[in-house]
Amino acid sequence: MFPNLLKHCELCSMNLKCYAEYTKNMIKEVLSLENILNESHIRIREEARDWEGAIRRAGEVLVQAGSIKPGYIDKMIRSVKELGPYIVIMPGFALAHAAPCEDVIKSDIALITLKNPVCFESPNDPVSVVLCLGCTDSSSHLDMLSVIAELLMEEDRIPEIAKAGSTKEVIEVLTGGIASKEEEREAGRL
């Protein structure tokens, strides 16, 4: 009886490992860049006179997408006025957001680059890239943020995004040119 129990435990262990790998791959697929940041939610070289204008421009992308109501934009601006430029989380980059509220219809993200960088009165000024995040609850955005943070934290990503001339270039920078490297590898050039 004891050998059967050991065999059963081995099978359970293998099943758990397979399930864990399957789950990990499903999470990666769900949290892929394409599922988090839609190319239609990227705007290049937007014009804004100041940080408020930059937040408005980024928020308007999500209003047009039907993800947030205009009131959420006002809440993002109010948050910065009340709490300071805490949203400027790294040099040249601001993560515009506010607390989850009734003005968020569905969790979504938009990214804009600015034609002329703006100042938030932060040590990380001037800002040339703004990511706008609207979330329906206080926990659903954590997975999205971790994927975005991982993509942005690599050295020189923000300046490269700021220089991008098209939405496709932004996607390529965010993905590290993965697609073009795979294409070259398939063509036998790598």
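Residues numbered from 1 in each chain as written. Predicted model: local features only at pLDDT ≥ 70, side-chain atom pairs only at ≥ 80, totals over all residues. Heavy atoms only, no water.

Participant: Is there a simple way to think about the packing of helix α3 (residues 51-64) against helix α4 (residues 70-83) in this case?
Facilitator: Each pair of packed helices can be summarised by the angle the axes make with each other and by the distance between the axes. Closest axis-to-axis distance for the α3/α4 pair is 9 Å, and the angle between their directions is 150 degrees. As far as their axial angle goes, α4 and α3 are roughly antiparallel. Taken as a pair, α3 and α4 cross one another with a handedness that is right-handed. Across the interface between the two elements, Trp51, Glu52, Ile55, Arg56, Gly59, Glu60 and Val63 of α3 pack against Pro70, Ile73, Asp74, Met76, Ile77, Val80 and Lys81 of α4. (Axes fitted to C-alpha atoms, helices over the stretch in contact; angles between N-to-C directions. Helix = DSSP H or I, 4+ residues; strand = E, 2+ residues; numbered from the N terminus. Parallel < 35°, antiparallel > 145°, perpendicular 65-115°, else oblique. Left-handed = near helix turned anticlockwise from the far one by under 90°. Contact = heavy atoms within 4.5 Å.)

Participant: Help me understand the environment of Leu151 in this model?
Facilitator: Looking at the secondary structure, you find Leu151 in helix α5 (residues 141-152). Each C-alpha atom, one on Leu151 and one on Thr175, is 7.1 Å from the other, the two residues being 24 residues apart in sequence.

Participant: Any chance you could explain helix α7 (residues 167-174) here in plain terms?
Facilitator: Each α-helix winds once per 3.6 residues, and so residues spaced three or four apart point in a common direction. Those residues of α7 not exposed but buried are Val170, Ile171, Val173 and Leu174. Buried residues of α7, viewed axially, fall in a sector of 160 degrees; they line one side. Positive backbone phi, approximately 70 degrees, marks Gly176, located one or two places after α7. (Buried < 20%, exposed > 50% of the residue type's maximum accessible area, 1.4 Å probe, protein only. Arc of directions from axis to C-beta.)

Participant: Please explain the pattern of salt bridges as it appears in this structure.
Facilitator: Applying the stated rule across the entire model yields seven salt bridges. The partner of Glu46 in a salt bridge is Arg57, and the shortest N-O contact between them spans 2.5 Å. Of the two residues, Glu46 is situated in strand β1 (residues 42-46) and Arg57 in helix α3; the sequence distance between them amounts to 11 residues. Glu46 gets classed as buried once you look at its relative accessible area, which sits at 12%. In this structure Arg57 comes out as partly exposed when scored by relative accessible area, which is 31%. When the shortest N-O distance is used, the salt bridge between Asp74 and Arg56 registers 3.3 Å. Here the residue Asp74 occupies a position in helix α4, and Arg56 occupies one in helix α3, the gap between them amounting to 18 residues. Exposure remark for Arg56: the relative accessible area of 34% places this residue in the partly exposed category. Ionic contacts of the salt-bridge type, sharing partners, join the residues Lys75, Glu102 and Asp103 into one network. (Salt bridge = Lys/Arg side-chain N within 4 Å of Asp/Glu carboxyl O.)

Participant: Would you take a moment to explain the packing of aromatic side chains for this structure?
Facilitator: Pairs of aromatic rings are described using the distance from one ring centre to the other and the angle between the two planes. Applying the stated criterion across every chain, the model contains one aromatic pair. Taken together, a centroid distance of 5.7 Å and an interplanar angle of 35 degrees make the contact between Trp51 and Phe120 tilted. You can see Trp51 sitting in helix α3 and its partner Phe120 sitting in the loop between β3 (108-118) and β4 (127-134), a full 69 residues away along the chain. We classify Phe120 as buried; its relative accessible area is 4%. (Phe/Tyr/Trp six-rings, centres within 6.5 Å; stacked < 30°, edge-to-face > 60°.)

Participant: What am I meant to see in the environment of Gly134 here?
Facilitator: In this structure, Gly134 sits in strand β4. Put simply, Gly134 and Asp108 are 26 residues apart on the chain and 5.4 Å apart in space, counted from C-alpha to C-alpha.

Participant: What is the right way to look at the sheet that holds β1 in this model?
Facilitator: Backbone hydrogen bonds are what pair the strands of a sheet, in a parallel or an antiparallel way. Pairing in this open sheet of four strands is mixed, and the strands run β1-β3-β4-β2 from one edge to the other. The two strands at the open ends of the sheet, each matched to only one other strand, are β1 and β2 (93-96). Here the strands of the sheet are splayed against their neighbours by 15 degrees on average, with no regard to which way each runs. Where β2 meets β4, four bridges bridge the pair, whose relative direction is parallel. (Pairing = 2+ DSSP bridges.)

Participant: Explain unusual backbone geometry to me, please; I cannot follow it from the model alone.
Facilitator: In terms of backbone geometry, most residues other than glycine have negative phi values and most peptide bonds are trans. Asp125 connects to Pro126 through a cis peptide bond whose omega is -10 degrees. Notably, Arg45 is not glycine yet its phi reads approximately 50 degrees, a positive angle. Secondary-structure assignment places Arg45 in strand β1. Looking at Arg45, the relative accessible area reads 46%, which means it is partly exposed. A positive phi is found at Glu121, a non-glycine position, where the angle reads about 65 degrees.

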